[in-house]
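Residues per chain are reported as follows:
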Amino acid sequence: MLLKVKDIFPSMREAMKTSIPEPTLSQPSQVGNGAFWLTVSKLYFLAAGYALFFLLSRILSPEDFGAYSVVVASVSILNMVFITGTIQAVSKLVSEEPEHGWLVHRTAMRLQAMAGIGIFLLFNLVAPLLAGFYRDPSLAPYIHISSLILLAYCFYGIQVGYINGLRIFPLQAGLDITFSTLKLCGVVGMGALLGLGGAVGGFAAASLAVL
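A brief look at the structure comes next. Just so we're clear, the structure is a prediction, and the values are computed from it rather than from any experiment. Per chain, residues are indexed from 1 in the order of the written sequence. For this predicted model, a pLDDT threshold of at least 70 governs which residues receive local features, and a threshold of 80 or more governs which side-chain atom pairs are given and counted, while totals over whole chains, interfaces and linings are taken from all residues. Derived side-chain values reflect all non-hydrogen atoms in the structure, with water molecules and hydrogen atoms excluded from consideration.

**Focus: the overall build of the protein**
In step 1: Numbering of helices and strands starts at the N terminus; helices are DSSP runs of H or I of at least 4 residues and strands are runs of E of at least 2. For the protein, the count of helices and strands is 8 helices and 0 strands.
In step 2: Reading the protein from its N terminus to its C terminus gives the helix and strand order α-α-α-α-α-α-α-α.
In step 3: Put simply, the protein has 211 residues, and 35% of those count as buried.
In step 4: Throughout, a contact is declared for two residues whenever any of their heavy atoms are within 4.5 Å. The long-range share in the protein, meaning contacts at least 24 apart out of those at least 6 apart in sequence, stands at 75%.
In step 5: Values of accessible area rely on a 1.4 Å probe in the Shrake-Rupley scheme; residue burial ignores everything except the protein chains shown. Accessible surface for the protein amounts to roughly 12400 Å². Of this, 72% is attributable to carbon and sulfur atoms. A 1.4 Å probe rolled over the protein chains alone gives each residue an accessible area, and that area as a share of the maximum for its type sets the label: buried under 20%, exposed over 50%, partly exposed in between.

Okay, structure coming up:
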């Protein structure tokens, strides 16, 4: 029996060597192309963000501009969790087996449909409490509107992660640039027409449009 067990180990080692694929590196041109496009999109994102706050601070009154910042900050905390976590998780799994990426996408959509919609409903439920925490009950309607941003981000993160996992970097950069443009135009344009509600609604509309 001891001899047989000893004989097993070499075969196990050989099996492990053949079953674990050797790590491969992306083509330098592909990596360089991705780095270029994603860098461009992030620089555009920063420029659009600065332009948004510069213009919006001159369109809205100081009180409404402060209220906009508070409302957006409230939803942005959850947005960052959904965007960062979802993109990284989906991208990693899709990149490992691109041919089965659609299965990862479908599973992520199902999970996010449960978790995302649940948090969306909960966020709406606690909106009056959150406005009370800020000592400004008038913020509650705007927090309700901002919940649409959270809902869109839940599913938008899946799409970006899927595209990133397939290494279609120009498309990912294009989505980021499109979203930044829609957000800038929506927030500033609707803010100029409708004030604080329009600014928050413009952000929500841009999120749903890019999704």
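Having put the structure on the table, let's press on.
**Here's the deal with the layout of surface pockets**
In step 1: Definitions used for this entry: grid spacing 1 Å over protein atoms alone; cavity, a set of points where a 1.4 Å probe fits but cannot get out; pocket, an open set with protein on both sides within 12 Å along at least 5 of 7 lines; lining residue, one with an atom within 4 Å of a point. Grid points are joined across faces, edges and corners, and a volume is the space filled by probe spheres set on the points. The computed volume of the largest pocket comes to approximately 530 Å³.
In step 2: Lining of the largest pocket is provided by 20 residues; of these, Lys 42, Phe 45, Met 80, Ile 83 and Tyr 153 occupy positions nearest its centre.
In step 3: Those elements that provide at least two residues to the lining of the largest pocket are α2 (28-59), α3 (62-96), α6 (140-165) and α7 (169-194).
In step 4: Counting residues per element, the lining of the largest pocket draws most heavily on α3, at 8 residues.
In step 5: Amino acids outside the nonpolar list (Ala, Val, Leu, Ile, Met, Phe, Trp, Tyr, Cys, Pro) and the charged list (Asp, Glu, Lys, Arg) are all regarded as polar, and Gly is one of them. Class assignment for the residues of the lining of the largest pocket results in 10 nonpolar, 7 polar and 3 charged.
In step 6: In this model, the second largest pocket occupies a volume close to 240 Å³.
In step 7: Together, Phe 45, Leu 46, Ala 48, Gly 49, Tyr 50, Leu 52, Phe 53, Tyr 68, Val 72, Ser 180, Lys 183 and Leu 184 line the second largest pocket.
In step 8: When residues in the lining of the second largest pocket are grouped by element, the largest group, 7 residues, is from α2.
In step 9: Here the residues of the lining of the second largest pocket sort into 9 nonpolar, 2 polar and 1 charged.

**Structural notes on helix α8 (residues 196-210)**
In step 1: Expected span of a helix, by definition, is 1.5 Å for each gap between consecutive residues, and there is one gap fewer than residues. When the terminal C-alpha atoms of α8 are compared, their 22 Å separation across 15 residues agrees well with the 21 Å that a helix rising 1.5 Å per residue should span.
In step 2: Of all the 15 residues making up α8, 11 are buried; the element is thus mostly covered by neighbouring parts of the structure.
In step 3: Burial in α8 covers these residues: Leu 196, Gly 198, Ala 199, Val 200, Gly 201, Gly 202, Phe 203, Ala 204, Ala 206, Ser 207 and Val 210.

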